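Descriptive analysis of the structure
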Amino acid sequence: MTSSCCGPAATPPAPIDIDDLAALCKAIGHPARLQLLRHLISHGDCYFGSLADVLPLAASTISKHVSILKDAGLIEGSSDLQRVCYCVRPERLAQLKAMIGAL
C-alpha cells in the first residue's frame, strides 16, 4: 500500500462559481490593476486623487484598468461635477478571498 503525501481527503469545499472566480482572477491578473487595487485599499473609504499619480501610465490606460476592476465588481466609482470617488467593494474582495480559499 502506498501512502499519499497529501493526507486524508478533507471535506469537499462549498461549490464556487468557476466563471465568476475566473473573471475576478483575470481582473487582478495584471500588475497595474493590482497596484491600483492596493492603492485604493490603503486609502480607505474613498479616494478622490488622480490615479495617474499612482502609476506611470497614460490616463487612458489607467482608465481601462479601472474599468476592468469596476466590471469585476472589485471597485466602484461615483462622480460629481469636479472629481471622481473610487472605493473598494470590501464584500466583493471578501468573496474573492473565500472563493480562493475554497479551491
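The structure reproduced in this document is the subject of the present report.

Cut-off values and rules
- Residues numbered from 1 in each chain as written.
- Predicted model: local features only at pLDDT ≥ 70, side-chain atom pairs only at ≥ 80, totals over all residues.
- Heavy atoms only, no water.
- Helix = DSSP H or I, 4+ residues; strand = E, 2+ residues; numbered from the N terminus.
- Buried < 20%, exposed > 50% of the residue type's maximum accessible area, 1.4 Å probe, protein only.
- Contact = heavy atoms within 4.5 Å.

Moving on, we get to the overall build of the chain. Tallying secondary structure elements over the chain gives 4 helices and 2 strands in all. Listing every helix and strand of the chain by position from the N terminus yields α-α-α-β-β-α. Looking at the chain as a whole, 30% of its 103 residues are labelled buried. Of the contacts formed within the chain by residues at least 6 apart in sequence, a portion of 55% connects residues at least 24 apart.

This paragraph deals with the environment of Leu 37. Turning to its location among the elements, Leu 37 is positioned in helix α2 (residues 31–42). Judged by its relative accessible area of 6%, Leu 37 falls in the buried class. Distance from Leu 37 to Val 88, taken between C-alpha atoms, is 7.4 Å for residues 51 residues apart in sequence. If sequence neighbours within four positions are ignored, Leu 37 has contacts with Ile 28, Leu 69, Leu 74, Ile 75, Val 88 and Leu 93.

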